[in-house]
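A structural walkthrough
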Amino acid sequence: MTASAVSGAETAPTPPGDVLPVAPASADELPRITGSWHPWRWVIAAIALLVVAQFAHGLITNPGWDWGTFAQYFTAKSVLAALRVTLELTLWGTVLGFVLGTLLAIGRVSNNPVLRVIAWTYIWAFRSIPLIVQLLFWFNIAYLYPRLSVGIPFGPGFYEFDVNGVISGFTAAVIGLALHQAAYSAELIRAGLLAVDDGQLEAAAALGIPRWRQFRTIVLPQAMRSILPNAANEVISLFKGTSIVSVMAIAELFYQVQVIFGRNGRVVPLLMVATVWYIVLTTALSIVQFYIERHYAKGAQRELPPTPWQRVRAKVAEIAVAPRGATR
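So, here's what we can say about the structure. Counting restarts for each chain: residues are numbered from 1 in the order of the written sequence. Per-residue local features of the predicted model are confined to residues with pLDDT of at least 70, and side-chain atom pairs are confined, for both listing and counting, to 80 or more; whole-chain, interface and lining totals are unaffected and use all residues. Each side-chain value is worked out from all heavy atoms of the structure, with water and hydrogens disregarded.

This part is about the overall build of the protein. Strands are runs of DSSP state E lasting at least 2 residues, helices are runs of H or I lasting at least 4, and numbering of each runs from the N terminus. For the protein, the count of helices and strands is 14 helices and two strands. The rule is simple: take the accessible area with a 1.4 Å probe, protein chains only, and divide by the maximum for that residue type; under 20% is buried, over 50% is exposed, in between is partly exposed. Expressed as a percentage of the 328 residues in the protein, the buried residues total 28%. Pairs at least 24 residues apart make up 68% of the contacts formed inside the protein by residues separated by at least 6 positions. To be clear on the numbers: accessible area is Shrake-Rupley with a 1.4 Å probe, and residue cover counts the displayed protein chains and nothing else. Summing over all exposed atoms, the protein offers an accessible surface of approximately 22,300 Å²; the carbon and sulfur share of this is 66%. The criterion used for residue contact is that any of the two residues' heavy atoms lie within 4.5 Å.

In structure tokens:
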């Protein structure tokens, strides 16, 4: 091949569609991306931090909070025993309330008109009556029914018992909380069941999937995504609502705190004892809610949302590998 031919080959135009290789640019030649400056954001953030710092300074330096008394009674035996009663009331009220609420929700969506009317009437009645009235009613149920019997309806009874000997103050509180909670949980569960598309059940039936398996593998996972956030709110509300049973002289957390500051007169630090315990346990319930929602999000999202710890680790790794001198 001659030199002219080589020169012609080198200067020949590039056919359309061919892509010429581009040499990688050096780090100095790359464009630098800078964020826009928002001064008012920093001003508002500084003001917010100043208010928070002032509030924290008041909590630390104001002698009225009496943190010594708070520390003395925060883990006192009487307070921990009352906290256990509060947790037991919450547990029994939640379990029994949601079990009965599930039955009521099934009755509301059933094809039986009698069950629909009974379930609707129950929900209407118990949502209309304040919780404190229901608790006092069950606390005084022996006034209406001193003795009850078990036997044939409208017929002879086989076993009789004294109501006061069976329904204690704690039992009356559990009954009142559970029946009240059932009315609200029934509507939450019904909404979750109705949120599942009927076409999926029709397709499952066409494939010959048994009804119980349809409910367990198709209906329940999708319904739980709608039920869980509101159900967690109801559990937290029930946990805080157990303070109402103090009118029945049950030694739960708030009642015990009242007894203590009634003796020593230290109202504010004892109220802070109850407040901090409510905050701690509500936070624990919120963490449990997050992980349960994350579990039931498996079928709806390709990637599960990161946990708070995973977010912290990702942020630390991002800061560690960020180029020095980069402007954000």
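That covers the picture; the talk isn't over yet.
Tracing the sequence through the fold places Gln222 in helix H11 (residues 211-241). Gln222 sits 27 residues away from Ala195 along the chain, and the two C-alpha atoms are 8.0 Å apart. Not counting the four nearest positions on each side in its chain, Gln222 is found in contact with Val196 and Gln200.

How far a helix is expected to stretch is found by multiplying one less than its residue total by 1.5 Å. Taking 1.5 Å per residue, 23 residues should reach 33 Å; helix H2 (residues 39-61) reaches 33 Å between its end C-alpha atoms and fits that length. Of all 23 residues in H2, zero are buried, a share of ten percent or less.

What follows is about a nonpolar patch on the surface. Residues Leu91, Trp92, Val95, Leu96, Val99, Leu103 and Ile106 make up a contiguous nonpolar surface patch of roughly 660 Å² in combined accessible area. Within the secondary structure layout, Leu96 lies in helix H4 (residues 77-109). Classification of Leu96 by relative accessible area gives partly exposed; the value is 38%. Note that patches include only residues with greater than 30% relative accessible area and no salt bridge, and the join distances are 9 Å for like charges and 5 Å for nonpolar side chains (Val, Leu, Ile, Met, Phe, Trp, Tyr). Every case where a carboxyl oxygen of Asp or Glu lies within 4 Å of a side-chain nitrogen of Lys or Arg is listed as a salt bridge.

With that settled, consider the pattern of salt bridges. Applying the stated criterion across every chain yields a total of four salt bridges. Its salt-bridge partner being Asp66, residue Arg266 comes within 2.7 Å of it at the nearest N-O pair. A residue pair is termed long-range when its members are at least 10 positions apart, and Arg266 in the loop between helix H12 (253-264) and helix H13 (267-296) and Asp66 in the loop between H2 and helix H3 (67-74) qualify at 200 residues. With a relative accessible area of 35%, Arg266 lands in the partly exposed category. Asp66 gets classed as buried once you look at its relative accessible area, which sits at 18%. Salt-bridge contacts for Arg108 lead to Glu187; the nearest nitrogen and oxygen are separated by 3.5 Å.

Function-wise, these values are silent; they only describe arrangement.
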